[in-house]
Amino acid sequence: MKFSVSKNFFPLFLIFGLVACLADEPEQDQDPIEIGTLAVIEAFPNLSFLRPVDFQHAGDGSNRLFVVEQRGVISVFQNDPEVENKTTFLDISSKVNDQGNEEGLLGLAFHPDFENNGFLYVNYTAASPRRTVISRFQVSNTNPNQADSNSELVILEFNQPFSNHNGGQLAFGPDGFLYIASGDGGSGGDPQNHGQRRETLLGTILRIDINQQTNNRSYSIPGDNPFVGNSEGYREEIFAYGLRNPWRISFDPQSGTLWAADVGQNKYEEINIIKKGGNYGWRTMEGLHCFDPSTGCNQTGLELPIWEYSHGNLGRSVTGGYVYRGTEISELKGLYIYGDFVSGKIWALDFSDLDNAKNIELLTATFPIASFGKDQNNELYLCAFDGKIYRLAYDQ
């Protein structure tokens, strides 16, 4: 995740340009789009937000939407383009440390049985010490549009050595377990090599069972996690590792496949399909290329990305999305939709042949794309740092 408030977007772009100018590669060929003209359209013209970074629905059939603001506030409102008001669902800004550009309240996930138990989970950064906090809150007994801010149960905490590369996405898998995207701890080049050190929770996708509590923890380790019972000191919460800064993960509701977009260092952005126990290469590799060492790196046993793009006109900071399973844009069904925060480009990745994936450029947005989201009908939305929520639709 590399972003700033929209009014500062132009200076940030210049910084990215200076970093990337030494490493630009020719643009990859893009297949032309052959469907109806697509556009990003303001979904809720009467609403605005401050640095929205996540967009979720509760899975309870209520047709409500929840927008996460980085400062520590979650708003709720009805999925209606004419909606005029939003309600504060949860305000934990007093707990959240958002001083760093990539710190703050970064992820939200609703329990699969939220309709009955009212549990929701958040991922935020806190201070003194600088750390990531995964917590559970519960909806109010008297107001379904408000969570009880005093109901916090801390599930998991781990220290962050720097302010950037916090990951932040939470997602429940089809197995009912909670998956947590964790960055490598920050700075640049992963100076402490967290990506390849399985004794740390950094640079990983974690997988925990929040329905069971064991060993004085508020969660348990799924019995088939890849490092359960190891004798090397590896953290048993790890599901996959070797990631730099996975900025948005998502499950395909049809296949159950876990997708992750990993923000690159200064040359390549990558898209991964996450496998249990997989090593995704960072800091040995950036995308499909050696990073440390810069040549001749040992790629044995590494899971390579199914797609990468180089810095330059294509962008400099990937924002992961979703496999489209909606009905309004039938031509996109089954394609992985993602974008780039800096360039605003939005693509559709055809992965029907994993050995020959095809990338289709759909359009270029005029705003920084912080996150994608979907409603209960699997239609796609975008969180933008111009303070608006957009939807992907045919241009009328």
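The rules we used
Residues numbered from 1 in each chain as written. Predicted model: local features only at pLDDT ≥ 70, side-chain atom pairs only at ≥ 80, totals over all residues. Heavy atoms only, no water. Helix = DSSP H or I, 4+ residues; strand = E, 2+ residues; numbered from the N terminus. Polar contact = N/O pair within 3.5 Å; in protein donor to acceptor, adjacent residues only side chain to side chain. Pairing = 2+ DSSP bridges. Axes fitted to C-alpha atoms, helices over the stretch in contact; angles between N-to-C directions. Salt bridge = Lys/Arg side-chain N within 4 Å of Asp/Glu carboxyl O. Buried < 20%, exposed > 50% of the residue type's maximum accessible area, 1.4 Å probe, protein only.

### Things to note about the side chain of Asp190
Logical step 1: Locating Asp190 in the fold gives a position in the loop between β11 (178-182) and β12 (204-208).
Logical step 2: Here Gly195 takes part through its backbone nitrogen, which lies 2.9 Å from a polar atom of the side chain of Asp190.

### So, the sheet that holds strand β5 (residues 87-91)
Logical step 1: Strand order across the open sheet formed by 4 strands is β2-β3-β4-β5, with antiparallel pairing between neighbours. Edge strands, defined here as strands with exactly one partner in the open sheet, are β2 (52-56) and β5. Mean inter-strand twist for the sheet, computed between neighbouring axes without regard to direction, equals 25°.
Logical step 2: In this structure, β2 lies alongside strand β3 (residues 64-69), joined through 4 bridges in antiparallel fashion. What sits directly across from Pro52, in β3, is Glu69.

### With respect to the pattern of salt bridges
Logical step 1: Applying the stated criterion to the full structure yields 16 salt bridges.
Logical step 2: Between Glu157 and Arg131 there is a salt bridge, with its nearest N and O atoms 2.7 Å apart. With Glu157 in strand β9 (residues 147-159) and Arg131 in strand β8 (residues 131-139), this pair connects stretches of sequence that are 26 residues apart.
Logical step 3: Assessed through its relative accessible area of 19%, Arg131 is described here as buried.
Logical step 4: Through salt bridges with shared partners, a single network forms among Asp175, Arg207, Asp224 and Lys276.

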